[in-house]
Amino acid sequence: MRWTSNARFLFLAPAVVWVLAFTVFPLGYSLYIAFLKIDSKTEITRERVPMFDEAGDPIMLANGKQRMRTIIHKEQINTTTFQGLKNFKRIFKDNQVATSVRITLTFILSSVSIELALGFLLAVLFNRHLAGRAAMRAVMILPIFATPLAAGYLFFTILYEEGGPLGFLGFPFLSDPDWALFSVIFVDIWQWTPFCFLVFLAALQSVPDELYEAAVVDGANGWQMLRMVLLPILQNTIVIVLLLRLAEALKVFDIPFALTGGGPGIATQSYSFLAFRTGIRFFDLGYASALCYGLLITVMIIIMLTFRRLRETYG
Amino acid sequence: MAEMAARPVGERGFGESLLWLVAICVTLAFFFPFYWAISQGLRNPIDTFTVSGLGVPWLSFDPTLDNWITQLSSPESRRALANSTIVSVGASVLALALGTPAAYALARFRFRRVPNIDITIWFLSQRILPPVATVIPFYLVMRAFGLLDTQLALILVNATFVLPFAVVILRQTFLDLPLELEEAVLVDGGTYRTAFMRVALPLAAPSIAATALISFAFSWNEFLFAITLSSRDSLTIPVFIAGSVDTRGVQFWFMAVRALIAMVPPVLIALLAQRYIVRGLTLGAVKG
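Every value quoted in this text rests on a predicted model; they were computed, and no experiment measured them.

What follows covers the pairing of strand β2 (residues 68-82) of chain A. All names here are of chain A. Burial within β2 is sparse, with just 0 of its 15 residues counted as buried. Note: strand β1 (residues 36-50) against β2, 15 bridges, orientation antiparallel. Counted as the bridge partner of R48 is T70 from β2.

Residues and elements named next belong to chain B. Partitioning chain B into domains gives domain 1 (14-64) and domain 2 (74-281). With centres defined by C-alpha atoms, the gap from domain 1 to domain 2 works out at 33 Å. Listed as interface residues are 7 residues of domain 1 and, on the opposing side, 6 residues of domain 2. By residue class, the composition of the side of domain 1 that touches domain 2 is 3 nonpolar, 3 polar and 1 charged.

Taken together, the 87 residues of chain B in the interface contact 93 residues of chain A. Here the side of chain B that touches chain A is composed, by residue class, of 68 nonpolar, 15 polar and 4 charged.

Quick look at the nonpolar core now. Judged by nonpolar contacts, the single largest core of 180 residues is most densely connected at A150 and F200 of chain A together with L163, A166, A259 and A270 of chain B. In terms of residues, this core owes the most to one element, helix α6 (residues 177-205) of chain A, which gives 17 residues. Beyond its immediate chain neighbours, meaning those up to four positions away, A150 of chain A contacts P238, I241, A259, A262 and M263 of chain B.

To continue, consider the environment of A180 of chain A. Residue and element names in this part refer to chain A. With respect to the helices and strands, the residue A180 is situated in helix α6. Sequence-wise, A180 and T260 are 80 residues apart; in three dimensions their C-alpha atoms are separated by 7.0 Å. Discounting residues that sit within four places of it in the chain, A180 has contacts with L174, T260, G263, P264, A267 and T268.

Packed helices, taken two at a time, are described by the angle their axes make and the gap between the axes. Following both chains from N to C, one finds helix α5 (residues 148-158) of chain A and helix α11 (residues 252-272) of chain B inclined at 150 degrees, their axes separated by 9 Å at the closest point. Here α11 of chain B runs roughly antiparallel to α5 of chain A, going by the angle between their axes. The two elements α5 of chain A and α11 of chain B cross, and the hand of that crossing is left-handed. For the pair α5 of chain A and α11 of chain B, contact is made by A150, Y153, L154 and T157 of chain A and by F252, M255, A256, A259, A262 and M263 of chain B, respectively. For the contact of α5 of chain A with α11 of chain B, the per-class residue count stands at 9 nonpolar, 1 polar and no charged.

Quick notes on the rules
The numbers attached to residues start from 1 for each chain and follow its sequence in the written order. Each chain gets a letter, beginning with A, and each ligand a number, beginning with 1, in the order they are written. Since the coordinates come from a predicted model, pLDDT governs what is reported: local features require at least 70, and pairs of side-chain atoms require 80 or more to be given and counted, while whole-chain, interface and lining totals use all residues. Think of it as a crowd count around each C-beta: if 20 or more other C-beta atoms lie within 10 Å the residue is buried, if 12 or fewer it is exposed, and in between it is partly exposed, with C-beta placed from the backbone throughout. Think of it this way: any DSSP run of H or I at least four residues long counts as a helix, any run of E at least two long counts as a strand, and we number them from the N terminus. Two strands qualify as a pair provided that DSSP identifies no fewer than 2 bridges between them. Residue ranges assigned to each domain were obtained from an automatic or database domain assignment. Here, residue contact means that the backbone-derived C-beta atoms of the two residues sit within 7 Å. Residue polarity is assigned by list, with Asp, Glu, Lys and Arg as charged and Ala, Val, Leu, Ile, Met, Phe, Trp, Tyr, Cys and Pro as nonpolar; anything else, Gly included, falls into the polar class. Joining buried Ala, Val, Leu, Ile, Met, Phe, Trp, Tyr and Cys residues through C-beta atoms within 7 Å gives a set, and that set is a nonpolar core. Structural elements are reduced to axes, namely lines fitted to C-alpha atoms, with helices fitted over the stretch in contact, and the angle between N-to-C directions of any two is expressed from 0 to 180 degrees. Angles below 35 degrees are treated as roughly parallel, those above 145 as roughly antiparallel, those between 65 and 115 as roughly perpendicular, and all remaining angles as oblique. In this scheme, a crossing is called left-handed if the near helix is turned counterclockwise away from the far one by less than a right angle; it is called right-handed if the turn is clockwise.

In C-alpha cells, the structure reads:
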C-alpha cells in the first residue's frame, strides 16, 4: 500500500462505479419506492377500424358500409401516489410481519448457535491424526456448495412423512407448524455446520502442536484446554464466522421456499420470504420496499457494531 | 482433548478408535442426503415408497437409468442447464474483470481521502447486504429496459453479487505477493499496467482461477433473483426445479435427479477449489 500514482483511480473506478450503479442506486430507488403507493391496473380500450382486403381496398358490406373490426388495446397503467411514512407505519401493525420476525429470529438463534457449537466440536474431533481425514474433510465440504433450493427439495423427499427414510420416526416434519420450522433449521444446520467446521479446523491447524502439548504437560484437563487454549485461539475466527452466519441466516429464503413453501400456513415464512411474496407475488411494491428497508437497517446495524472488528480482521 | 494430536500416528488406544468411528459416522450422516438422492434417482417410480430401509441399489431394488435419461434429454432441462452455465460464466468473468484491478488498487496503492481498509469494508459490506433489498428495484429497472427474462439481466445481477467477493479475496491475494518484482518493473520504466498485467496477474493466477470457480458456484446457486427476473426463456436450474414442482406435483424420482443435476457442478467446483474454500468463504479472514 505504498504507491500513490493517480493510476490507482483507473484500477479502482470500474468496480466502484459498478457498485454505485447496481447496488447503491437500486437501494436508493428502493427507498423512494417505499414512500409510494403503486397501483397497477390494466386499462382496456376498444377501437373500431375498417378492414382491408389484400389489395388494400376497404371491404364493403352489402349495405354499403365498410366492414369494421375491433382492436382491443391493453395498457398497464401504474399510478403512484406519495404517501409518506405510511408503508413504514404499516410494518408495525402487520401480524404477518410480527410472525415472520419471530420465525426468522427463532431460525437464526437456533441454527447459528447449533452450527457454531457443532462445527466447533467437529473441528476439535478432526484436529488429530485420523485415518482418511482428508477424504472425510472433502465430504464435509459438499453440503456447503449444494444448491440451497435443490437441498430444500431433496430434504422434502427425505422428511416426507409417509415413506420417507425418516418416516419411521413418526414425526410430522412438514405438516406441523413447529416441526416445519424445525425442519427448515435442520436443513440449514446440515448445509452450514460444515462451513463452521472447516473454518474452525483451519484455525486450529494453524496452531503448532507444541501449544497443545505444552498445555497437556502443564496438566490441563479437557475443560481447561477448551477455555484456556482453544477458545482464545479461535476467538477472532468465532466472531467472523458468527458475523457471516448471522448475515447469511437473516436472508434465509431458498430452503423454506423449497422445503415448506413457507407453510403450513405461514409457519415458516421468513422475513425475506414475506418481503419477496409481498413485492413479487402480490405486487405491493411500496410496502415490500419498506419491509426490505427494515431488514437492510438491521444488517447495517450489525455491520456498524462489528466495524472495528472487521477493520482489525481485514486490515 | 487435543493431546492426541501430539501422538504419533501408530499409537492408538481404544479411545482414539472410538473417536475415529464417531468421525466416520458424522461424515456419513452429512453425506446421507446425497446418497439418498442417488438411490432415489435410480429407482423406478413404483419403487419410490415400497423400498424400505436404506434403499441400496441392487440389494433393495433393481436400479434403472430411465429417470436420468428422461431428465437429461428433455429440452427444458437442457435449456436450463445452458442458461445456468451462460449466466454463471458471464457473471464470473464480468465480476473478475471489474474486481481484479480494484483488488490490485486496494493492495498496492494508497488512497488518501478514504483509507484503503474502509474501501475494502465498503465492498465487504455489499456481500453481507440482504439481496432481497434490491430485488424490487432490480425488477422495475429490468422491466423498464425490457430485460426481463433475459440471460443478460441475470448476468448483471450475479456479477453484482460476486464482485465484492472477488475484490475482497483478490486484494488479500495481491497483498500476499512479493512487492519486489513489481517494483523492479516500475524502476525499469514500466507502467503500473505492465506491473499488474505482466507480473502480478500471472502470480495470482491460481487464486484468480479459484475465485472464478467459487463465483461460478455462487451464481449457479442463486435463486431469488433468478425466479424474480425470469419467466420462460432465461430459467436457470434452480428456477426450473421450482417450476416443475408447481406444475406436476413432486415426483420423487425426477426430483432426486434434478437436485443432483443442480448440485453436481457447484459441488465438484468446491472439491476442485478445496484449498481456497475456507479463505473464500470467510472473505480472506481465515487462511485455510
